[in-house]
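If you want the building blocks of each chain, they are given just below.
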Amino acid sequence: MRSFSVLLAIALLAAAAGIVGCRSHDAANGLTPVKLQTDWYPQPEHGGFYTALLKGYYKQEGLDVQILPGGPYVSSDGLVASGAVQFGLQSSDHVLEAIANSGEPIIAVGATMQHDPQGILVRASSPVHNWGDLDGRTIAVKPGSTWWEFIRKRFHLDHVHEIPATYSVANFLQDPNYMQQGFVTSEPFFAQKAGVPTRMLLNSDAGYDPYRVFFTSQAYAAAHPDIVAKFTRASIRGWREYLVDPAPTNALLRKLNPALNPDWMNYSYQALKSGNFITGDDPSGAQVGQFDPARWNTMYQQLLDLKVLQKPIDPTTAYTTKFLK
């Protein structure tokens, strides 16, 4: 999901990819223009949104959706809050922090993933088998990551040495003792392709389990509840369809992102599906897109305990389930 090869291969195509779904964007076509700012370049982790676009689910709802690719330096918070785009992708912990610490008037309206596929990548032969085993070792993580602060505190990792993470598995392949953050949908694929079997310690198994969400601004949700409902409904429909048949969407993703290849996309798709990241624990698919208020409250309390929130807020203002009925 976060491979440096993507940066090299398609940085120049990011703007071009943004034309996906972009038509006349005026009243003449009878559709309401809507922009979605993603958190990375086109990939299977966005499969439901691109499926909704490809299959015409947004259009059936009267929406003319434009999907804008993200990247390592794109933050959707301000874009959504300012009205430059109508929807963005983030995680539920980030939404809570953005509201409490930056005063961003945003609100999550649906879950892209029920569980976060992020964690620590180790070699299959590593003596590290649980989070406590990390103490005294060197870990490559993104500086300031809240999930890492939670894990350090919970498992008393007082002697761990942190170094900045990169968007590559190059160091991991060269050093048997190297451990780094990663996504179960991506980094293990590149390591195993290079002949290095891996394991992952998932953040969700450590008790830190944010949703991956799509969100809008509080003002837009209040002014255009019908549009938010339509976008949410079509997006969830797209995710359900993508889990059944990813092939058409993956073909589109490969055109938009030349760094992808069929093996990588299939690996990511299988990881998302087998890990129940989209569906959660209910194989019927009833949880796709849904929120559990108790989990939002748990996440809020965890952030309070970590003292990463500059002021207390009402966590129920960070999300809504009204468009998920």
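This section reports on the structure supplied with the text. (Residues numbered from 1 in each chain as written. Predicted model: local features only at pLDDT ≥ 70, side-chain atom pairs only at ≥ 80, totals over all residues. Heavy atoms only, no water.)

Moving on, we get to the pairing of strand β2 (residues 63–68). With six of six residues buried, β2 lies mostly within the body of the structure. Here strand β1 (residues 32–37) runs beside β2; their pairing, made up of six bridges, is parallel. Within β2, the residue paired with L36 across the bridge is I67. (Buried < 20%, exposed > 50% of the residue type's maximum accessible area, 1.4 Å probe, protein only. Helix = DSSP H or I, 4+ residues; strand = E, 2+ residues; numbered from the N terminus. Pairing = 2+ DSSP bridges.)

Look at helix α7 (residues 146–154) against helix α14 (residues 293–306): their axes get within 10 Å of each other, and the N-to-C directions meet at 75°. Relative to α14, α7 is oriented roughly perpendicular. Contacts from T146, E149, F150 and K153 of α7 reach α14 at Q302, L303, D305 and L306. Of the residues that constitute the contact of α7 with α14, the class distribution is three nonpolar, two polar and three charged. (Axes fitted to C-alpha atoms, helices over the stretch in contact; angles between N-to-C directions. Parallel < 35°, antiparallel > 145°, perpendicular 65-115°, else oblique. Contact = heavy atoms within 4.5 Å. Nonpolar A, V, L, I, M, F, W, Y, C, P; charged D, E, K, R; others polar.)

Looking now at the pairing of β1. Regular strands place side chains that alternate from one sheet face to the opposite one. As paired elements, β1 and strand β3 (residues 87–91) share two bridges and run parallel to each other. What sits directly across from L36, in β3, is F87.

The contact between helix α3 (residues 47–54) and helix α11 (residues 225–244) brings their axes to 7 Å, and the two run at 105°. On the basis of their axis angle, the class for α3 and α11 is roughly perpendicular. Across the interface between the two elements, G47, G48, F49, T51 and A52 from α3 touch F231, A234, S235, G238, W239, E241 and Y242 from α11.

In an α-helix there are 3.6 residues to a turn, and that puts residues three or four apart on one side. Among the eight residues of α3, seven are classified as buried, and the element is accordingly described as predominantly covered. Every buried residue of α3 is accounted for by G47, G48, F49, Y50, T51, A52 and L53. Looking one or two places after α3, you find G56, whose phi comes out positive at around 80°.

Here the focus is the sheet that holds strand β4 (residues 106–113). The strands that make up a sheet pair up through hydrogen bonds in the backbone, lying either parallel or antiparallel. Across the sheet, five strands lie side by side as β2-β1-β3-β10-β4; this open sheet has mixed pairing. Single-partner strands in this sheet number two, and they are β2 and β4. Adjacent strand axes in the sheet meet at a mean angle of 30° when their direction is disregarded.

Excluding glycine, most residues fall at negative phi; most peptide bonds, likewise, are trans. The residue H156 is not glycine, and still its phi comes out positive at about 55°. Within the fold, H156 resides in the loop between α7 and β7 (161–164). For N276, which is not glycine, the phi dihedral falls at a positive 55°. Here N276 shows up in the loop between α13 (262–274) and α14. We classify N276 as partly exposed; its relative accessible area is 32%.

Next up on the list: the packing of aromatic side chains. According to the stated counting rule, one finds 23 aromatic pairs in the structure shown. When the ring of W40 is compared with that of Y167, the centres are 5.6 Å apart and the planes differ by 35°; the resulting orientation is tilted. Of this pair, W40 sits in the loop between β1 and α3 while Y167 sits in the loop between β7 and α8 (170–174), and the two are 127 residues apart along the sequence. Taking 4.7 Å as the distance between ring centres and 70° as the angle between the ring planes, the aromatic pair formed by F190 and W264 counts as edge-to-face. Note that F190 is positioned in helix α9 (residues 187–193) and W264 in helix α13, a separation of 74 residues in sequence. Taken together, the aromatic side chains of F49, Y58, F87, F214, Y220, F231, W239, Y242 and Y269 make up a single cluster linked through ring pairs. Over the ring of F172 we find R123, and its NZ or CZ is 5.8 Å from the ring centre. (Phe/Tyr/Trp six-rings, centres within 6.5 Å; stacked < 30°, edge-to-face > 60°. Lys NZ or Arg CZ within 6 Å of the ring centre and 35° of its normal.)

As a further point, take the environment of R240. As for its position among the elements, R240 is in helix α11. Residue classification places R240 among the partly exposed positions, given a relative accessible area of 40%. A C-alpha to C-alpha distance of 29 Å links R240 and A98, two positions 142 residues apart in sequence. Those residues in contact with R240 that lie beyond four places of it in its chain are G285, A286 and V288.

A separate point is the pattern of salt bridges. Applying the stated criterion across every chain yields a total of five salt bridges. We note a salt bridge from R212 to D39, for which the minimum N-O separation is 3.9 Å. With R212 in strand β10 (residues 212–217) and D39 in the loop between β1 and α3, the pair connects residues that are 173 residues apart, well separated along the chain. Taken as a pair, R212 and D39 share a single burial class, namely buried. A cluster of three or more residues bridged by salt bridges with shared partners is formed by D39, D116 and R212. (Salt bridge = Lys/Arg side-chain N within 4 Å of Asp/Glu carboxyl O.)

W148 and F231 are the most contacted members of the largest nonpolar core, which has 94 residues in total. Among the elements that line this core, the one with the most residues is α11, at nine residues. With residues up to four places along the chain from it excluded, the contact list for W148 reads I120, L134, I139, V141, L157, V160 and E162. (Core = buried A, V, L, I, M, F, W, Y, C linked by side-chain atoms within 4.5 Å.)

Everything listed here is a matter of coordinates, which is why it stays silent on function.
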